[in-house]
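For reference, the chains in residue letters:
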Amino acid sequence: MVNWKDIPKIDAHIHLMPEDVIQANSGHGYVFIDHGSVDDYKKIMEKYNIDLAFVMPFNDPYMLSMDFKVETVHSNMLAMVQKMPLKLRCFADVDIRKNINETINELDKVIARDEFIGIKLHPSNAGYPIDGCYYEKIIEYASKKDILVEIHSYPKEHLQDDVCSPSRIKNVLKKYPNVRLSIAHLGGFQVEDLYGLNAYFNFSAILPDYVNRFGIKRTNEILRLIGVDKLVFATDFPDSRCLKPKEIYDKYFEILNEMDFSLEEAENICRNNALKMIDKI
Ligand SMILES: [Zn+2]
């Protein structure tokens, strides 16, 4: 049996918060605030053998800045990454309220830095469809510049055309088939619609939700149907629909330990696929 806790890992999707945002919002029981400190996460990385983690923005500047500006989100993310420069990287944010040319200029500025390894698009937080023209402009830009794009995809189950549904992601890919793509949360419970897609897939947030619904064996089959060469370890720490923040990593390893992946496959999922995704091997 592979012991997933012991394998050196990259967590390809986590959330951390700037100090001033934590201070201004503490005491209200918010998960991202109470478990968002970089110093606390450093201890978690040591405990669970996480060598590197990718910090995600929200496409909602109210979450990561005190002046609610995407430029400040970026400088805050940069400051967080620079607290642990060998152990953290981050994705660039987008604020769809801004003029698209200003957004592209800002992306140009931050993507030039090593700390920023891609662009995050979060249709659900923005309340805007992934195949809408604003996001399309960004995907066109990323495709041209060969920049990795991560798309949040955990659609409402009963809506085949939710803003982050696979059907809409596929519309975008038809137009920009060469864009380097990462899908977060595996398309939720519409995962079957993403089988065969040319993308990386991280099982942040969704893995324990699948196990609760389908059991370990069927979840294992779903992961194999996506393809071991495309799967990327990620948790969405500290966020989860069914777990407390402190339970997340132990539960992920408990689940994965019961699956049929070989050590080599587990090492690819934990590390090598993520490095390929960010073009580091
Ligand atoms: Zn997330």
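Check the entry above for the structure.
Our subject in this report is the structure included herewith. In this convention, every chain numbers its residues from 1, walking through the sequence in written order. Where totals are concerned, whole chains, interfaces and linings use all residues; where local detail is concerned, this predicted model gives features only for residues with pLDDT of at least 70, and gives and counts side-chain atom pairs only at 80 or more.

Things to note about unusual backbone geometry
Inference 1: That bond from Phe-237 to Pro-238 is cis: its omega, 5°, falls within 30 degrees of zero.
Inference 2: Helix numbers and strand numbers start at the N terminus; a helix is a DSSP run of H or I with at least 4 residues, a strand a run of E with at least 2. In this fold, Pro-238 is placed in the loop between β8 (231-232) and α11 (248-257).
Inference 3: The backbone of Asn-49 sits at a positive phi, close to 55°, despite the residue not being glycine.
Inference 4: Judged by the 15 C-beta atoms lying within 10 Å of it, Asn-49 is partly exposed.
Inference 5: The residue Asp-236 is not glycine, and still its phi comes out positive at about 75°.
Inference 6: The class for Asp-236 is buried, based on 25 C-beta atoms found within 10 Å. Counts of 20 or more other C-beta atoms within 10 Å of a residue's own C-beta define buried residues, counts of 12 or fewer define exposed ones, and intermediate counts define partly exposed ones; C-beta atoms are placed from the backbone.

Structural notes on the nonpolar core
Inference 1: Ranked by internal contacts, the top residues of the largest apolar core, which has 85 residues, are Phe-54, Val-55, Ile-119, Val-149, Ile-151 and Val-232.
Inference 2: Ranked by residue count, the leading element in this core is helix α10 (residues 206-226), at six residues.
Inference 3: Leave out the neighbours within four places in its chain, and Ile-151 touches Leu-121, Ile-130, Cys-164, Ile-169, Leu-181, Ile-183 and Ala-184. What we call a nonpolar core is a set of buried Ala, Val, Leu, Ile, Met, Phe, Trp, Tyr and Cys residues whose membership is set by joining through C-beta atoms within 7 Å. By the criterion used throughout, residues are in contact when their C-beta atoms, derived from the backbone, lie within 7 Å.

Section: the pairing of strand β6 (residues 181-184)
In regular strands, side chains alternate between the two faces of the sheet.
Inference 1: Judged by which residues are buried, β6 turns out to be covered on both faces: Leu-181 and Ile-183 on one side and Ser-182 and Ala-184 on the other are all buried.
Inference 2: By convention, orient the strands away from the viewer: a clockwise path from the first strand over the helix to the second makes the crossover right-handed. As for the winding sense of the linkage, the β-α-β connection from strand β5 (residues 149-152) through helix α9 (residues 166-175) to β6 is right-handed.
Inference 3: A pair of strands is treated as paired once DSSP finds two or more bridges between them. Of the pairings in the sheet, the one linking β6 to strand β7 (residues 200-202) comprises three bridges and is parallel in character. Looking across to β7, one finds that Ile-183 is bridged to Phe-201.

A short note on the environment of His-74
Inference 1: When you line up the elements, His-74 lands in helix α5 (residues 70-83).
Inference 2: The sequence separation of His-74 and Pro-61 amounts to 13 residues, and the corresponding C-alpha distance is 9.6 Å.
Inference 3: Ignoring any residue separated from it by four or fewer positions in sequence, one finds His-74 in contact with Ala-92, Asp-93 and Val-110.

Examining α9
Inference 1: The set of residues buried in α9 consists of Pro-166, Arg-168, Ile-169 and Val-172. Around the axis of α9, the buried residues are gathered within 160° of arc, so they sit on the same side. When the buried face of α9 is taken as reference, the exposed residues oriented beyond 90 degrees from it are Lys-174 and Lys-175.
Inference 2: The inward-facing, buried residues of α9 abut α8 (133-145) and β5. The reported arc concerns the directions from the helix axis to the C-beta atoms and nothing else.

Side note on the sheet that holds β8
Inference 1: Within the open sheet, the eight strands sit side by side as β1-β2-β3-β4-β5-β6-β7-β8. Their pairing is parallel. Each end of this open sheet is capped by a strand with a single partner; those strands are β1 (9-14) and β8.
Inference 2: Across four bridges, β5 lies against β6 in parallel orientation. From the neighbouring strand, His-152 faces β6, where its bridge partner is Ala-184.
Inference 3: Packed on one face of the sheet, α8 meets β4 (116-121) and β5 and runs near 155° to β4. Helix axes are fitted to C-alpha atoms over the stretch in contact, other axes to C-alpha atoms as well, and angles between N-to-C directions run from 0 to 180 degrees.

Some points on the packing of α10 against α11
Inference 1: Direction vectors running N to C along α10 and α11 enclose 40°, while the axes themselves pass 10 Å from each other. Taken together, the axes of α10 and α11 are oblique relative to one another. For the pair α10 and α11, the sense of crossing is left-handed. Across from Leu-207, Pro-208, Val-211 and Ile-216 in α10, the residues of α11 making contact are Lys-251, Tyr-252 and Ile-255.
Inference 2: Amino acids outside the nonpolar list (Ala, Val, Leu, Ile, Met, Phe, Trp, Tyr, Cys, Pro) and the charged list (Asp, Glu, Lys, Arg) are all regarded as polar, and Gly is one of them. The residue makeup of the contact of α10 with α11, split by class, is six nonpolar, no polar and one charged. Any angle between 65 and 115 degrees counts as roughly perpendicular, while under 35 counts as roughly parallel, over 145 as roughly antiparallel, and the rest as oblique. Should the near helix be turned anticlockwise from the far one by less than a right angle, the crossing is termed left-handed; should it be turned clockwise, right-handed.

Some points on the environment of Asn-257
Inference 1: Tracing the sequence through the fold places Asn-257 in helix α11.
Inference 2: With 15 C-beta atoms counted inside 10 Å, the residue Asn-257 sits in the partly exposed group.
Inference 3: Considering only alpha carbons, one finds Asn-257 and Gly-196, 61 residues apart in sequence, at a separation of 26 Å.
Inference 4: Leave out the neighbours within four places in its chain, and Asn-257 touches Met-1, Val-2, Asn-3 and Trp-4.

It is worth stressing that arrangement in space is one thing and function is another; only the former is reported here.
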